[in-house]
Amino acid sequence: MTERAHAAHAEGETGVWSGSWVAERLGVELAGDEALTGLLGLALRRNPKRAHLLVSNVLGKHVPQSPSVVYGHGVALGRRVRELLGAEAAEGAVVLGYAETATGLGHSVADGLGSAPYLHSTRRAVAGVARAGGFEESHSHATSHLLLPQDPALLAGDGPLVLVDDEFSTGNTVLNTIRALHERYPRKRYVVVALVDMRSPADAGRLDAFAGEIGARVDLVTTASGTVRLPPGVLEKGQELVARYEAPPVDPTSGPTTERTTEARTERTTEHTTEATSEPASGPTGGSPGATSPGSVERVELRWPHDVPDGGRHGFTAADRDRLESALPGMAARIADALPARARRVLVLGFEELMYAPLRLAQALEQAVGGDVDVRCSTTTRSPVLAVDDPGYAIRTRLVFPAHDDPADGPGERYAYNVAGAGFDAVIAVVDSAADTPALHAPDGLAARLAAHVPHVLLAVVPSYVPHASPAPQAPERPPMLPEPLRGPAFSSYAPDEVGWLLQDLSDVTLEAPTEEREEAIQSGGAHYAESLPVEYQPSEQYQELFHAALESSAARLARAVGAVTEVVLTERSPRPVLVSLARAGTPVGVLMRRWARFRHGLDLPHYAVSIVRGRGIDANALRWLADHHDPADVVFVDGWTGKGAITRELAAALRDFEVSDGVTGFDPEIAVLADPGSCVRTYGTRDDFLIPSACLNSTVSGLISRTVLRADLVGPHDFHGAKFYRELAGADLSPAFLDAVSARFPDVTESVDAHVKELLSADRTPTWEGWAAVERISEEYGIHDVNLVKPGVGETTRVMLRRVPWKVLARAGAGADLGHVRLLAEQRGVPLEEVADLPYTCVGLIHPQYTRGATGADGKAVTL
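Okay, so let's go over this structure. (Residues numbered from 1 in each chain as written. Predicted model: local features only at pLDDT ≥ 70, side-chain atom pairs only at ≥ 80, totals over all residues. Heavy atoms only, no water.)

**Overview of the overall build of the protein**
- Within the protein one finds 24 helices and 33 strands.
- Total accessible area on the protein is roughly 32,700 Å²; 51% of this is exposed by carbon and sulfur atoms. (Helix = DSSP H or I, 4+ residues; strand = E, 2+ residues; numbered from the N terminus. Areas by Shrake-Rupley, 256 points an atom, 1.4 Å probe, with all protein chains shown as cover.)

**Digging into the nonpolar core**
- Core analysis: the biggest nonpolar cluster contains 140 residues, and Val162 and Ile428 have the highest contact counts within it.
- For this core, the leading source of residues is helix 13 (residues 356-369), giving eight residues.
- Apart from the residues lying within four places of it in its own chain, the contact partners of Val162 are Val81, Ala93, Val94, Val95, Leu96, Val109, Leu113, Val191 and Val193.
- Counting 99 residues, the second-largest nonpolar core is a separate cluster that includes Ala564, Ala585, Val753 and Trp807. (Core = buried A, V, L, I, M, F, W, Y, C linked by side-chain atoms within 4.5 Å. Buried < 20%, exposed > 50% of the residue type's maximum accessible area, 1.4 Å probe, protein only. Contact = heavy atoms within 4.5 Å.)

**What about the side chain of Arg594?**
- Along the polypeptide, Arg594 turns up in helix 17 (residues 586-601).
- With relative accessibility at 6%, the residue Arg594 sits in the buried group.
- A polar contact of 2.7 Å, which involves the side chain of Arg594, links it to the backbone oxygen of Leu605. (Polar contact = N/O pair within 3.5 Å; in protein donor to acceptor, adjacent residues only side chain to side chain.)

**Points about the sheet that holds strand 31 (residues 806-812)**
- Reading across from one edge, 30-33-31-32 is the order of the four strands in this open sheet, with mixed pairing throughout. Each edge of the open sheet is held by one strand with a lone partner, namely strand 30 (790-792) and strand 32 (833-836). Taking each pair of neighbouring strands and ignoring which way they run, the sheet shows an average axis angle of 20°.
- Here strand 31 pairs with strand 33 (residues 843-847) via five bridges, running antiparallel. Among the inter-strand pairings, Val809 is bridged to a residue of strand 33, identified as Gly845. (Pairing = 2+ DSSP bridges. Axes fitted to C-alpha atoms, helices over the stretch in contact; angles between N-to-C directions.)

**Some thoughts on the pairing of strand 17 (residues 426-432)**
- Taken across its seven residues, strand 17 has seven buried, putting it largely inside the fold.
- Burial of strand 17 is two-sided: the residues Ala426, Ile428, Val430 and Asp432 facing one way and the residues Val427, Ala429 and Val431 facing the other way are all buried.
- One ladder, built from four bridges, connects strand 13 (residues 345-351) with strand 17; its direction is parallel. The residue bridging Val346 from the neighbouring strand is Ala426, located in strand 17.

**Thoughts on the packing of helix 17 against helix 21 (residues 746-762)**
- Running from N to C, helix 17 and helix 21 point in directions that differ by 85°, and their axes come no closer than 12 Å. Compared by their axis directions, helix 17 and helix 21 come out roughly perpendicular. Residue-level contacts link Leu592, Arg595, Trp596, Phe599 and Arg600 of helix 17 to Phe746, Pro747, Val749, Thr750, Val753 and Asp754 of helix 21.
- Looking at the contact of helix 17 with helix 21 residue by residue, the classes come out as seven nonpolar, one polar and three charged. (Parallel < 35°, antiparallel > 145°, perpendicular 65-115°, else oblique. Nonpolar A, V, L, I, M, F, W, Y, C, P; charged D, E, K, R; others polar.)

**Structural notes on the packing of aromatic side chains**
- One pass over the full model with this rule turns up 13 aromatic pairs.
- With 6.0 Å between their ring centres and 70° between their planes, Phe316 and Tyr356 make a pair best called edge-to-face. With Phe316 in the loop between strand 12 (296-299) and helix 12 (318-338) and Tyr356 in helix 13, this pair connects stretches of sequence that are 40 residues apart. In terms of burial, Phe316 and Tyr356 fall into one category: buried.
- Aromatic ring contacts, followed pair by pair, group Phe491, Tyr494, Trp501 and Phe725 into a single cluster.
- Positioned over the ring face of Tyr71 is Arg360, at 4.4 Å from the centre of the ring.
- Positioned above the aromatic ring of Trp807 is the side chain of Lys808, whose terminal nitrogen or guanidinium carbon lies 4.7 Å from the ring centre. (Phe/Tyr/Trp six-rings, centres within 6.5 Å; stacked < 30°, edge-to-face > 60°. Lys NZ or Arg CZ within 6 Å of the ring centre and 35° of its normal.)

**A short note on the sheet that holds strand 1 (residues 29-32)**
- Pairing is mixed in the open sheet, where six strands are placed in the order 1-10-9-8-4-5. Whereas interior strands pair on both sides, the edge strands pair on one side only; in this sheet they are strand 1 and strand 5 (118-120). Within the sheet, the average angular offset between the axes of one strand and its neighbour, ignoring direction, is 25°.
- With seven bridges joining them, strand 8 (residues 161-168) and strand 9 (residues 189-197) adopt parallel strand pairing.

**Topic: the pattern of salt bridges**
- For the structure on display, the rule yields 40 salt bridges.
- Arg199 serves as the salt-bridge partner of Asp197, at 3.0 Å between the closest nitrogen and oxygen. Across the pair, Arg199 and Asp197 agree in class, each one buried.
- A salt bridge links Asp740 to Arg595; the nearest nitrogen and oxygen atoms lie 3.0 Å apart. (Salt bridge = Lys/Arg side-chain N within 4 Å of Asp/Glu carboxyl O.)

**Concerning the pairing of strand 18 (residues 456-462)**
- Across the seven residues of strand 18, five count as buried, placing the element largely inside the fold.
- The sheet contact formed by strand 12 and strand 18 spans four bridges and is parallel. Bridge pairing in strand 18 places Glu298 opposite Leu458.
- Following the chain from strand 17 across helix 14 (residues 446-451) to the adjacent parallel strand 18, one finds a crossover that is right-handed. (Right-handed = clockwise from strand over helix to strand, strands pointing away.)

**Regarding helix 22 (residues 770-781)**
- With twelve residues, helix 22 extends 16 Å from end C-alpha to end C-alpha; this agrees with the ideal 16 Å at 1.5 Å per step.
- With nine of its twelve residues buried, helix 22 lies for the most part within the structure.
- All buried positions along helix 22 are accounted for by Gly771, Trp772, Ala774, Val775, Glu776, Ile778, Ser779, Glu780 and Glu781.
- Two residues or fewer past helix 22, Gly783 is found with a positive phi of approximately 70°. (Expected span 1.5 Å × (residues − 1).)

Given below as structure tokens:
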């Protein structure tokens, strides 16, 4: 099929470009290749930094499309890569696709390339499967990617690596991925593949510069290229449009309306914002015309071959491809037999990362039924998009339902676009067995949502592939004995019995860099945040006075939270726990928990501090030392507070990896925290977001210890992670004063702790991960597109102000004394503070997005200390 035919197919019978609604109202223009408008439509989502959203017509994700069109685009790209590489190099290539959007596209590219094995990243951790790597996708609403190949050698070869994404916009994700993999598995050639290249002129030259930096060749292969032209005022117009179409329809009987409301109501009579519910519907938002009752939901047995993976989560080889090709006609015939006799328009609906199997089933079904039935394919998604029922808008309707695969990042909404009201006579919902859960079949689940709008729903379940268990590899060679923990006063200002640091002393190494240089390096992918240290910011006398006032007012509240979390640990986790703090914010809390256990129960608990690094995991040598000296089942990991829960997830993934690599079981990933405002853990003292004064300062409230460092030239395979002891700051040290002020309140709060613990032990403390959901929303609404730059809660906001380049602070309207120090820091650093209604946290700190030393703040001045 030609590109022109593809474009006509994407436009549908109306012949209207699915970006015209946005283009007409906002003046947005796609400039570039003629094929762009056939490949892409436009939509909106609430976002004050980016008014438009590019929606692919040929990806088979948000827009139902002919499977032959979807598969044909991927295969054609794969053939072009084969021509670029040459037959010999293509034989040694490996294809890597990005979850969730490009998993099916990457598979198809691998098919076109020939015999290349395929792997895609995943957001679903799998028990017993060790990570071969991981990375963050900065522009996504859900960022954490894992690489879980069954055979780690898949990524360790020296042949070309082909990276496949649906869109090449800034290039950050791909370049960061290549950089991370190149450090571990260097190779000479990379090929980046995307349906469209939409880079701005400013980003266009980065690819060649990056290739020169790493000493490898990096090519780009795309179907079409262009850019998005935005007129002045487009952001404000986009915000107004989204607000208008997300608002509920006005009841004309409720009295007079404003002029704007009247305009919106008049326009909405023909252009509906269509968020479909489970109620039966007809016409523009329902299924077949005249449908008045929910459709049926029945299962169809695929007889999926037992030895074929459901996709590329753990790798997909040429042999797997051959076995699937042989089985597809029989599976398609079973689906065709289950369809109603009069079905003329059928959708095969995949599930998030499960895109390739539904696509190939849809393609085989298309061939089996011939031209009598219009077969389309699309996939459910995590991505929230505004729906407007207009032929010139890419997202006509959306179905909303809860996640049904027990995701690692907690519950949340999922979406199916352009399904309701599309005239489908039947939908074949294809999920893997891990997602065939009660939530799928609940009254508000996907099956019920589909049945409310389509007469016939068939459920096809593909077995979730889990790699065959293999003997745990031998633990890496290491010295027969790891060093003993460092203790004060030689390392830290804490008493020697208060904490043992499972760290190495890097005090004599210069690691500090100016905040602005660190921020630029981190955001450009040039360095990891744990490879250097910020210059220790010494606050003003006014700020230190505020710290003492905050400590005085909150000491009793802190003491209650310390007592509560310690009692929960002693009751539910272990009668004699081994406290292991996550350095450094967790260390003062661990010391206080140890003091409470001694005060209330006469227990002398062991307490250690270990390093954990986002994106790199926990210090495996520290775990080995703990396993050699204590029962892992008694270890309780301790932290100060939860923000969005990134470290909670990092610890769980790291412990799974450690179990596979070392064969050591028993470590519990559940963190005990003083405050859990993000609702990420079960063991906490409070879920209130309040000022914990230890967050107000850096090393001078944490035993004069820096944050931890992990750098290859300083930390070898047999070393603990490193940190510095700032002995020269002894005159400003407030660590003992903080601990003593809180401990002094223990006798006063005993009764209230007992009452609070009784409530906690009887309450449902199941994490809801509402903090993570709020961070995703804020990331999108403020145009940041990187959850790592959104730091929720008082403690995390304070860290932003002290250690990073802050952009702005969001404060819950009416927040009081807990924000005094944040307001002062914001004033001193020239950072705007914006009050926000209905903020789930007391405040949220936003790191300057896409920071360079030329970046400017709201006042036009460089944001510096």
